Amino acid sequence: MNTLKVERHGPVVTVRLHRPHVLNALSGELLAELLDVLRPLDGDPEAGCFVVTGSAKVFAAGADIKEMSGRTAADMAAEDYFSGWEEFAGLRTPKIAAVNGYALGGGCELAMMCDLIVAGESAVFGQPEIRLGVIPGIGGTQRLTRLVGRAKAMDLVLTGRTMDAPEAERAGLVSRVVPDDQVLPEALEAARAIASHGRASVAAARECVDRALETGLRDGILFERRVFHGLFATEDQKEGMAAFLEKRVPRFTGR
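Calculation rules
Residues numbered from 1 in each chain as written. Predicted model: local features only at pLDDT ≥ 70, side-chain atom pairs only at ≥ 80, totals over all residues. Heavy atoms only, no water. UniProt positions renumbered as here; feature names shortened; annotations may be inferred. Phe/Tyr/Trp six-rings, centres within 6.5 Å; stacked < 30°, edge-to-face > 60°. Buried < 20%, exposed > 50% of the residue type's maximum accessible area, 1.4 Å probe, protein only. Pairing = 2+ DSSP bridges. Helix = DSSP H or I, 4+ residues; strand = E, 2+ residues; numbered from the N terminus. Axes fitted to C-alpha atoms, helices over the stretch in contact; angles between N-to-C directions. Core = buried A, V, L, I, M, F, W, Y, C linked by side-chain atoms within 4.5 Å. Contact = heavy atoms within 4.5 Å.

For the protein, an unreviewed UniProt entry supplies the name enoyl-CoA hydratase and the organism Streptomyces sp. R21. Reading the Sequence similarities (unreviewed entry) entry of the UniProt record for the protein gives the comment "Belongs to the enoyl-CoA hydratase/isomerase family."

Below you can see the structure in the form of structure tokens.
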């Protein structure tokens, strides 16, 4: 692989974006390699969490402008450019973004496709595409608005300004802010915690939280209740509650 470095330790898979010469800019080749790696792992019952991080003290400074600059509107429409990123967003395995340095443009959008963002104190987030005469194209206007609200999203998207990690945490974009040298260890600890739980309940929890962004409260609560009821058909529910009553650590099997 030319654009990624991948490590697996038990149920946790770490994917490091590795295009340091262009600040890990997101290219078509990188996306293809990312999906080639994660697609089969997404169906692996032993894979419990993916951690995506960057190299050279940068998460990703944006999409690959050189790759896009010469294309026409017809080219972009014919290729449905960027549509492949929705496959990454739709992976069923939980994803954590471990962000140091810049997460701008496509880098910010990639982080927002993950379930948690763990950021270093020096991390910087933003959607500066307006400065290039375009707008975010990998879901930035949609996910950012849902996560931080209309006022903050309008500010970032229309001015192109960036926000630091503390502001991003206050706005609801970032899950945790830690010292820069603790970003990956913190993300890996969270990944191991997620992977230790029953696969069915983790998948159900993710679906319910995401549903909250897309539906009204009444329908969301009804959906949550139905999913809660359905989990009582799993072996992991029986094991989890038995372990609680017996004061021991549960042994989840994913069934």
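That was the structure; now back to the text.
Participant: Can you lay out the packing of aromatic side chains for me, pointing to particular residues and giving the numbers?
Facilitator: Under the counting rule described, the total for this entry stands at 3 aromatic pairs. Between the aromatic rings of Tyr 81 and Phe 82, the centroid separation amounts to 4.8 Å while the plane-to-plane angle is 50 degrees, which identifies the pairing as tilted. Tyr 81 sits in the buried class, given a relative accessible area of 17%. What makes Phe 82 buried here is its relative accessible area of 19%.

Participant: Residues and numbers for the sheet that holds strand S8 (residues 162–164), please.
Facilitator: A sheet is described by the order of its strands in space; here 3 strands give the open sequence S5-S7-S8, paired in mixed fashion. Each edge of the open sheet is held by one strand with a lone partner, namely strand S5 (102–104) and S8. Sheet twist, expressed as the mean angle between neighbouring strand axes with direction ignored, is 20 degrees. Both S5 and strand S7 (residues 124–126) contribute to a ladder of 3 bridges, which runs parallel. Across the sheet, the residue bridging to Leu 104 is Gly 126, located in S7.

Participant: How would you sum up the nonpolar core? Please name residues and give values.
Facilitator: The tendency in soluble globular proteins is for nonpolar side chains to be buried side by side. If you look at the biggest cluster of nonpolar residues, it comprises 50 residues, and the most contacted ones within it are Leu 38, Phe 59, Trp 85, Phe 88, Val 99, Phe 125 and Leu 173. For this core, the element with the most residues is helix H1 (residues 28–42), which contributes 7 residues. By size, the runner-up hydrophobic cluster in this structure holds 14 residues, among which are Ala 187, Leu 188, Ala 190 and Val 202.

Participant: If you had to explain the sheet that holds strand S9 (residues 176–178) to someone new, which residues and values would you point to?
Facilitator: Read across the sheet, 6 strands follow the order S1-S2-S3-S4-S6-S9 without closing on themselves; strand pairing throughout is mixed. Two strands bound the open sheet, and with one partner strand each, they are strand S1 (4–9) and S9. Looking at each pair of strands side by side, their axes are set apart by 20 degrees on average, direction ignored. In this sheet, strand S6 (residues 116–120) lies alongside strand S4 (residues 95–99) in parallel orientation, the contact comprising 4 bridges. In the sheet register, Ile 96 faces S6, and the bridge partner there is Leu 116. On top of the sheet, H1 reaches S1, strand S2 (12–17) and strand S3 (49–53); it is set at about 15 degrees to S1, its chief contact.

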